[in-house]
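This is what each chain is made of:
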Amino acid sequence: MATYKCISNKIKPMSSNTSIHDNFIRGILSDKSIAVEYFKSYLPDFISRQLDFTTLTQLPDTYLSGALKKTMSDIVYSCQKTGTKKTIKVSLLIEHKSYPDQYTTIQIGGYIFSALQKQVANKEQLSLVIPVLLYHGKGKWRYRTLSDLFEEAEESWKQYIPDFEYIYNDLGALSDTAIEKLNNKFLAASVLALKHSTEKEWLEHNAVKLLILASEGTKDLQKGLIIYLYSRAKLEEEKILNLLPVPIKDTIMNSLDFYIEKGIEKGKEQVVKNLLASGKFSIAEIAGFAGVTEAFVKKIQTTLK
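Below or above, wherever it landed, is the structure these notes cover. Everything numeric in this text was worked out from a predicted model, so none of it was measured. (Residues numbered from 1 in each chain as written. Predicted model: local features only at pLDDT ≥ 70, side-chain atom pairs only at ≥ 80, totals over all residues. Heavy atoms only, no water.)

With that out of the way, let us pick up the sheet that holds strand S4 (residues 128-135). Ordered in space as S1-S2-S3-S4-S5, the 5 strands form an open sheet in which the pairing is mixed. This sheet does not close on itself; its edge strands, each paired only once, are strand S1 (51-58) and strand S5 (167-170). Between one strand axis and the next, the sheet turns by 25 degrees as a mean value, whatever way the strands run. Here strand S2 (residues 75-81) pairs with strand S3 (residues 89-97) via 6 bridges, running antiparallel. Residue pairing across strands places valine 76 opposite leucine 93, the latter belonging to S3. Against the sheet, helix H3 (residues 32-42) makes contact with S1, S2, S3, S4 and S5, and its axis sits at roughly 135 degrees relative to S1, the strand it touches most. (Pairing = 2+ DSSP bridges. Helix = DSSP H or I, 4+ residues; strand = E, 2+ residues; numbered from the N terminus. Axes fitted to C-alpha atoms, helices over the stretch in contact; angles between N-to-C directions. Contact = heavy atoms within 4.5 Å.)

The next thing to look at is empty space enclosed by the protein. Summed over all chains, the structure comprises 1 cavity of 30 Å³ or more. Estimated volume of the largest cavity: approximately 70 Å³. Taken together, Ile25, Ile28, Leu29, Tyr38, Leu134, Leu171, Leu187, Ser190, Val191 and Leu194 form the lining of the largest cavity. Ranked by residues supplied to the lining of the largest cavity, first place goes to helix H9 (residues 185-195) with 4 residues. Of the residues that constitute the lining of the largest cavity, the class distribution is 9 nonpolar, 1 polar and no charged. (1 Å grid on protein atoms, 1.4 Å probe; cavity = no way out; pocket = protein on both sides within 12 Å on 5 of 7 lines; lining within 4 Å. Points joined across faces, edges and corners; volume = space filled by probe spheres on them. Nonpolar A, V, L, I, M, F, W, Y, C, P; charged D, E, K, R; others polar.)

This part is about the environment of alanine 207. Here alanine 207 shows up in helix H10 (residues 200-214). With a relative accessible area of 0%, alanine 207 lands in the buried category. (Buried < 20%, exposed > 50% of the residue type's maximum accessible area, 1.4 Å probe, protein only.)

This brings us to the side chain of histidine 196. Mapped onto the elements of the fold, histidine 196 is located in the loop between H9 and H10. Its relative accessible area of 6% is what places histidine 196 among the buried residues. When neighbours within four sequence positions are excluded, histidine 196 is seen to be in contact with Asp176, Trp202 and Leu203.

Shown next, in the form of structure tokens:
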């Protein structure tokens, strides 16, 4: 089996930092057991006590409009409320940020009304939308409501501001010890990786611990964490693999093979795009230069058109 050293030096990231974080968080919270643990751990007690988590269901359709999709992502679950004869659906929105943004409140407000409009269009009974903001950046975040953005407005005028609260989960405010005590150890490893995502030395020093914690997750979840770690830090495989149990070693190597293949494919795709843009070469010539099939070149050409 091949070994790889400092893989993050050999291939470029497959996507932007925002996409890396987004894909990782979406992968984690799309797993129902992880989502249940996250909500139980970080929702306010008065909310989590009243939710029947056995009814937690991820909603397949986004509530985002085309404009909102450019500025935020949504991971949405519905959950019934306990202790009522009538079914009450509570939609839980997860939005994440890796940098301070004072206008996030406006984005969340747009999301809430977009969700309600969709419920009306679908002739559904209106249900609550509870926004959860997951922040894992280093910059200091100031919690703002919509009213806070209109600091100079007179109090009598603020009655026309459609104000609301949201749940703010700042990973930087949580101690590593408290995170490690989470019942779901894969979630603990993931939250720690997110909290320290900009600290390469910390990730390198604690990679083995994170991978052992994460071994309780499914193979797909482990793969997502491994790829995330290698995209955020320079990890030496030989050093790490020597300290890990065999099953985890196999998962790491399989995941890195997948990561490298995707990175190479992405690189070839960019080469093909550049050659097509030049307009100087035939399909067959471009395929030969890039080491791909002519069908691959034609597919990229169709995409560009």
